[in-house]
Amino acid sequence: MAANNKFVKLPSGAEMPIFGLGTWKSKPGEVTAAVKHAISVGYRHIDGACCYQNEQEVGAGIKAKIDDGTVKREDLFVTTKIWNVDHHPDDVEAACQKSLDLLGLNYVDLYLIHWPMAYKRGKELFPKDADGKWQFADTDYVDTYKAMEKLVASGKCKAIGMSNFNKQQLERVMKAASIPVANLQIEMHPYLTQNDLVDFCKSKNIVITAYSPLGSPDRPWIKEEDPRPLEDPVVKDIAAKKGKSAAHILIRFALQRGVVCIPKSVTPSRIESNFEALNFELNPEEMKRLMALNRDYRGVALTWINHKDHPWCPYKPE
């Protein structure tokens, strides 16, 4: 591929590729091939999570490309995330080890708390009671993070951070942390620019990762009337003028803000095409037009779980 990887530095000094492959919604049977193809064309950053329930397939793809000599383990940056049922400090190490075993790795480069909300401890990823009500727990995510710090000390994780946290929650962790927060992964696209949170993280040397940079048009709960950044007239106009796709423009929008971007795809041609977003730039006027599209729209608020009823919901007024 013509594209060249670019990197951002974590607080530890480690380099994190600014572009990677997301694996949320990648089905078993598809994700192994997607990971293999992504690594073959130059991707060096793979993002996963326990909750995606495909870590074994992600690991198979990584192993195949290590075994065939395409990459060495140290060439790759692998992220995974602890799920809400494993927030209790006594469960953190076992949860990480399970992910490592499924991935077939001795360590991950980045381990994140997927959401600040804890669920009832156990093997059920989305626990409900007999009446169908979600079963939450009151484990403090600060205690989860403190337990994760021990994983850095043991070498199972090179860096740790959070996902879907707000500024207030970040500050709580930072005050208690012995190991600096390396990364915050959040939904980000022109309809949700997250300016204040991005500026705050940059001021604290926390790297931002944008998930769903295309607006997650294939999310299972999408409604016909929901906004779709890929179809926005401004995005399409900029794409046409630059001879690029709408996806290129949305990915480049994140990259140009210095934000790590992890679009998901299992289609070989799209995996290749997305990588080309490293090869061009948007001019200041184009960035201004895209930034002006912000409407604070979240496609991945998970309102169907009633997180607003959880004491650690990140989307309540601060």
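Keep in mind that this is a model prediction, so the values were computed, not measured.

Peer 1: Teacher, can you tell me more about the overall build of the protein here?
Peer 2: When helices and strands are tallied, the protein shows 10 helices and 12 strands. Its C-alpha atoms give the protein a radius of gyration of 19 Å, within 12% of the compact-globule value 20 Å for 318 residues. A principal-axis box enclosing the C-alpha atoms of the protein has dimensions of 55 × 50 × 40 Å. Here the analysis covers contacts within the protein between residues at least 6 apart in sequence; of these, 75% occur between residues at least 24 apart.

Peer 1: I keep staring at the pattern of salt bridges and nothing clicks. Help me out?
Peer 2: Side chains bearing opposite charge may pair, as long as their charged atoms lie close to each other. Tallied over the full model, the rule gives 12 salt bridges. Taking the shortest distance from any N to any O, the salt bridge between Asp-47 and Lys-81 comes out at 2.7 Å. Placement of Asp-47 in strand E4 (residues 45–47) and of Lys-81 in strand E5 (residues 77–82) is noted, with a sequence separation of 34 residues between them. Comparing Asp-47 with Lys-81 shows no difference in burial state: the two are buried.

Peer 1: Just to check I follow, could you spell out the packing of helix H5 (residues 167–176) against helix H6 (residues 195–203) for this structure?
Peer 2: To describe two helices that pack against each other, one gives the angle between their axes and the distance between the axes. Relative to each other, H5 and H6 sit at 20 degrees, their axes nearing to 11 Å. Judged by the angle between their axes, H5 and H6 are roughly parallel. With respect to the hand of their crossing, H5 and H6 are arranged in right-handed fashion. Between H5 and H6, the residues in contact are Lys-167, Leu-170, Glu-171 and Met-174 and Leu-197, Phe-200 and Cys-201, respectively.

Peer 1: Sorry if this is basic, but what is going on with the sheet that holds strand E11 (residues 207–211) here?
Peer 2: Whether parallel or antiparallel, the strands of a sheet pair through hydrogen bonds between backbone atoms. On the basis of which strands lie adjacent, the open sheet formed by eight strands has the order E3-E4-E5-E6-E9-E10-E11-E12 and parallel pairing. A single partner strand is all that each edge strand has here, and the edge strands are strand E3 (21–22) and strand E12 (260–261). Inspection of the sheet shows E4 paired to E5 by three bridges, in the parallel sense. When the bridges of E5 are listed, Asp-47 appears paired with Thr-79.

Peer 1: Just checking my understanding: could you explain the packing of aromatic side chains for this structure?
Peer 2: Working definition: an aromatic ring pair is given by the centre-to-centre distance plus the angle between the planes. Under the criterion given, the structure shown has 10 aromatic pairs. Between the aromatic rings of Phe-19 and Phe-275, the centroid separation amounts to 5.7 Å while the plane-to-plane angle is 40 degrees, which identifies the pairing as tilted. Of the two residues, Phe-19 sits in the loop between strand E2 (15–17) and E3 while Phe-275 sits in helix H9 (residues 268–275), which places them 256 residues apart along the sequence. Phe-275 matches Phe-19 in its accessibility class, with the two residues each being buried. Seen from their ring centres, Phe-126 and Trp-134 are 6.0 Å apart, and the 70 degrees between their planes marks the pair as edge-to-face. Through successive ring pairs, a cluster of aromatic residues spans Trp-83, Tyr-119, Phe-126, Trp-134 and Phe-136.

Peer 1: Would you mind showing me how to read the environment of Leu-125 here?
Peer 2: Looking at where Leu-125 falls in the secondary structure, it is placed in the loop between strand E7 (118–119) and strand E8 (136–137). As for Leu-125 and Asp-86, which are separated by 39 residues in sequence, their C-alpha atoms are 9.3 Å apart.

Peer 1: It is not clear to me how the nonpolar core should be interpreted in this structure. Could you clarify?
Peer 2: In summary, soluble globular proteins display a tendency toward joint burial of nonpolar side chains. Core analysis: the biggest nonpolar cluster contains 98 residues, and Phe-19, Tyr-111, Met-162, Leu-170, Leu-184 and Leu-290 have the highest contact counts within it. Broken down by element, the residue count for this core peaks at eight residues, all from helix H8 (residues 246–256). Ignoring sequence-local partners within four residues, the contact set of Leu-290 consists of Pro-190, Val-234, Val-235, Ile-238, Ile-249, Phe-253 and Leu-282.

Peer 1: Is there a simple way to think about helix H4 (residues 141–154) in this case?
Peer 2: Residues that lie three or four places apart on an α-helix share one face, since the helix turns once every 3.6 residues. With 14 residues, H4 extends 20 Å between its outermost C-alpha atoms, agreeing within 8% with the 20 Å of an ideal straight helix rising 1.5 Å per residue. At its buried positions, H4 is contacted by E5, helix H3 (89–103), strand E6 (110–113), strand E9 (160–163) and H5. Two or three places before Val-142, at the start of H4, stands the capping residue Asp-140, its side-chain oxygen 2.9 Å from that residue's backbone nitrogen. The positive-phi residue at the C-terminal boundary of H4 is Gly-155, with phi of around 90 degrees.

Peer 1: How should the pairing of E11 be read in this particular structure?
Peer 2: Residues in a regular strand point their side chains to alternate faces of the sheet. Most of E11 is tucked away: five of the five residues are buried. Neither face of E11 is left uncovered, since the one carrying Val-207, Thr-209 and Tyr-211 and the one carrying Ile-208 and Ala-210 both have all their residues buried. Note: strand E10 (residues 183–187) against E11, five bridges, orientation parallel. When the sheet's bridge partners are listed, Leu-184 is paired in E11 with Ile-208. Taken together, E10, H6 and E11 form a β-α-β motif whose crossover is right-handed. With two bridges connecting them, E11 and E12 associate as parallel partners. Its bridge partner lying in E12, Ala-210 is registered against Cys-261.

Peer 1: What am I meant to see in helix H1 (residues 31–41) here?
Peer 2: Among all positions in H1, only Val-31, Ala-34, Val-35, Ala-38, Ile-39 and Val-41 are buried. Viewed end-on, H1 has its buried residues packed into an arc of 170 degrees, placing them on one side of the element. Where H1 is buried, its residues touch E3, E4, helix H2 (55–67) and H9. The first or second residue beyond H1 is Gly-42, which carries a positive phi of 125 degrees.

About the criteria used
- Residues numbered from 1 in each chain as written.
- Predicted model: local features only at pLDDT ≥ 70, side-chain atom pairs only at ≥ 80, totals over all residues.
- Heavy atoms only, no water.
- Helix = DSSP H or I, 4+ residues; strand = E, 2+ residues; numbered from the N terminus.
- Rg over C-alpha atoms; globule rule 2.2 N^0.38 Å.
- Contact = heavy atoms within 4.5 Å.
- Salt bridge = Lys/Arg side-chain N within 4 Å of Asp/Glu carboxyl O.
- Buried < 20%, exposed > 50% of the residue type's maximum accessible area, 1.4 Å probe, protein only.
- Axes fitted to C-alpha atoms, helices over the stretch in contact; angles between N-to-C directions.
- Parallel < 35°, antiparallel > 145°, perpendicular 65-115°, else oblique.
- Left-handed = near helix turned anticlockwise from the far one by under 90°.
- Pairing = 2+ DSSP bridges.
- Phe/Tyr/Trp six-rings, centres within 6.5 Å; stacked < 30°, edge-to-face > 60°.
- Core = buried A, V, L, I, M, F, W, Y, C linked by side-chain atoms within 4.5 Å.
- Expected span 1.5 Å × (residues − 1).
- Polar contact = N/O pair within 3.5 Å; in protein donor to acceptor, adjacent residues only side chain to side chain.
- Right-handed = clockwise from strand over helix to strand, strands pointing away.
- Arc of directions from axis to C-beta.

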